[in-house]
Amino acid sequence: DGGITQSPKYLFRKEGQNVTLSCEQNLNHDAMYWYRQDPGQGLRLIYYSQIVNDFQKGDIAEGYSVSREKKESFPLTVTSAQKNPTAFYLCASTSDRMFYGYTFGSGTRLTVV
Amino acid sequence: DQQVKQNSPSLSVQEGRISILNCDYTNSMFDYFLWYKKYPAEGPTFLISISSIKDKNEDGRFTVFLNKSAKHLSLHIVPSQPGDSAVYFCAATQTDKLIFGTGTRLQVFP
C-alpha cells in the first residue's frame, strides 16, 4: 500500500542536541511538507519542498533544517537553536492536484528532557 | 496573522443530531478549502473539499458550504455518530501550500 512513513513515533532529546525526524513516501508525490502541531495552534508549516534538491521555508523555519536528496525522502532536523522543540511533528506529501490536499504521515512526538 | 480561523475550540453534539463546524478566512485569493479529521497521535485524514467557485459540496453525511461574501465556510455532519468524535481542521490552498485553522474538537455523545 502507498503511504507516508514517519519514524520514530516517539522521540526524546536532551537539551542542546540535534535530532532528525524521518519521513519517507512511496506515493510518487513531488511535494513534501513538514508541519508542527501545538495545542490550540493548529498545524504550522515549517519547511516544504516542491522538487528534489529544492526547499522553501515555511512560517516557523527557525531552528529547523531539511534536505531533499531523493524524491521519496524529506528528513527534518530539529537543531539546538529551536527554543521550544517539544511538539507533534507531521509530514505530508501531495501530487500537483491540490484539490485533494495532502496525505499525512502518522506523526512523531518529540519531547525534550 | 491567522488567515484561517476556527473560533470554536470545541463542540459537543448528541448522536443522531447535526454537527456544524465553522471556519472563517481573510484571504479572498484562496482557491480551495478542505476539511481534515484528526484523531490523537495520528496524522489528519482528508474529509471533503470545495472549490472557491462553488457554494456547496456534499459527500454522504458530510456537506461543506462556502459563503464567499462572508469569507465563511462550514462543515455539516448529519447524522452525527460517536466515531465522528475527533479534531476537525479547515484548510485553504495558497499557491503551493495549505494554510490550516486551529481546529475544533467535536465530541459526539450517546
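An account of the accompanying structure is given in this report. All figures in this text were calculated on a predicted structure; none of them were measured in a lab. (Residues numbered from 1 in each chain as written. Chains lettered and ligands numbered in written order. Predicted model: local features only at pLDDT ≥ 70, side-chain atom pairs only at ≥ 80, totals over all residues. Heavy atoms only, no water.)

**Some thoughts on the nonpolar core**
Cut-off, in case you're wondering: The nonpolar core is taken to be a set of buried Ala, Val, Leu, Ile, Met, Phe, Trp, Tyr and Cys residues, with the residues joined through side-chain atoms within 4.5 Å. Exposure is judged per residue with a 1.4 Å probe applied to protein chains only, and the accessible area is read against the type maximum: over 50% gives exposed, under 20% gives buried, and values in between give partly exposed. Counting from the N terminus, the helices are DSSP H or I runs at least four residues long and the strands are E runs at least two residues long. Whether two residues are in contact is decided by their heavy atoms: any pair within 4.5 Å suffices.
In terms of nonpolar packing, the biggest core is built from 24 residues, with Phe-33, Trp-35, Leu-73, Leu-75 and Tyr-88 of chain B touching the most fellow members. Mapped by element, the contributors of at least two residues to this core are strand 3 (19-25), strand 4 (32-38), strand 5 (45-51), strand 7 (62-67), strand 8 (72-77), strand 9 (86-94) and strand 11 (104-109) of chain B. Per element, the largest residue contribution to this core is 4 residues, and it comes from strand 9 of chain B. Not counting residues within four places of it along the chain, the set of residues in contact with Leu-73 of chain B comprises Leu-21, Asn-22, Cys-23, Tyr-25, Phe-33, Trp-35, Val-64, Phe-65 and Leu-66 of chain B. Within the second largest apolar cluster, 20 residues are counted, among which are Leu-11, Ile-60, Leu-76 and Ala-87 of chain A.

**Considerations on the interface of chain A and chain B**
Test applied: Salt bridges are counted wherever a side-chain nitrogen of Lys or Arg sits within 4 Å of a carboxyl oxygen of Asp or Glu. The nonpolar class holds Ala, Val, Leu, Ile, Met, Phe, Trp, Tyr, Cys and Pro. Asp, Glu, Lys and Arg form the charged class, and all remaining residues, Gly among them, are polar.
Between chain A and chain B, the residue contacts involve 21 residues of the former and 20 residues of the latter. Between chain A and chain B we count 0 salt bridges in total. When residues of the side of chain A that touches chain B are traced back to their parent elements, those giving at least two are strand 4 (31-37), strand 5 (43-51) and strand 9 (87-94) of chain A. Examining the composition of the side of chain A that touches chain B, we find that 4 residues originate from one element, strand 5 of chain A, more than from any other. When its residues are assigned to classes, the side of chain A that touches chain B shows 12 nonpolar, 8 polar and 1 charged.

**Quick look at the environment of Pro-9 of chain B**
Summarising the element assignment, Pro-9 of chain B is placed in the loop between strand 1 (4-5) and strand 2 (10-14). Apart from residues lying up to four places away in sequence, Pro-9 of chain B is in contact with Gly-103, Thr-104 and Arg-105 of chain B.

**A look at the sheet that holds strand 8 (residues 76-78) of chain A**
All names here are of chain A. For clarity, the cut-off: Pairing between strands is defined by DSSP: at least two bridges between the two strands are required. Axis lines are fitted through C-alpha atoms, for helices just across the contact stretch, and the angle between N-to-C directions can take any value from 0 to 180 degrees.
Taken in spatial order, the 4 strands of this open sheet run 1-3-8-7, and their pairing is antiparallel. Each edge of the open sheet is held by one strand with a lone partner, namely strand 1 (4-7) and strand 7 (64-66). Strand-to-strand twist in this sheet, taken as the mean axis angle between neighbours without regard to direction, amounts to 20°. Pairing between strand 1 and strand 3 (residues 19-25): 4 bridges, direction antiparallel. Paired with Gln-6 across the bridge in strand 3 is Cys-23.

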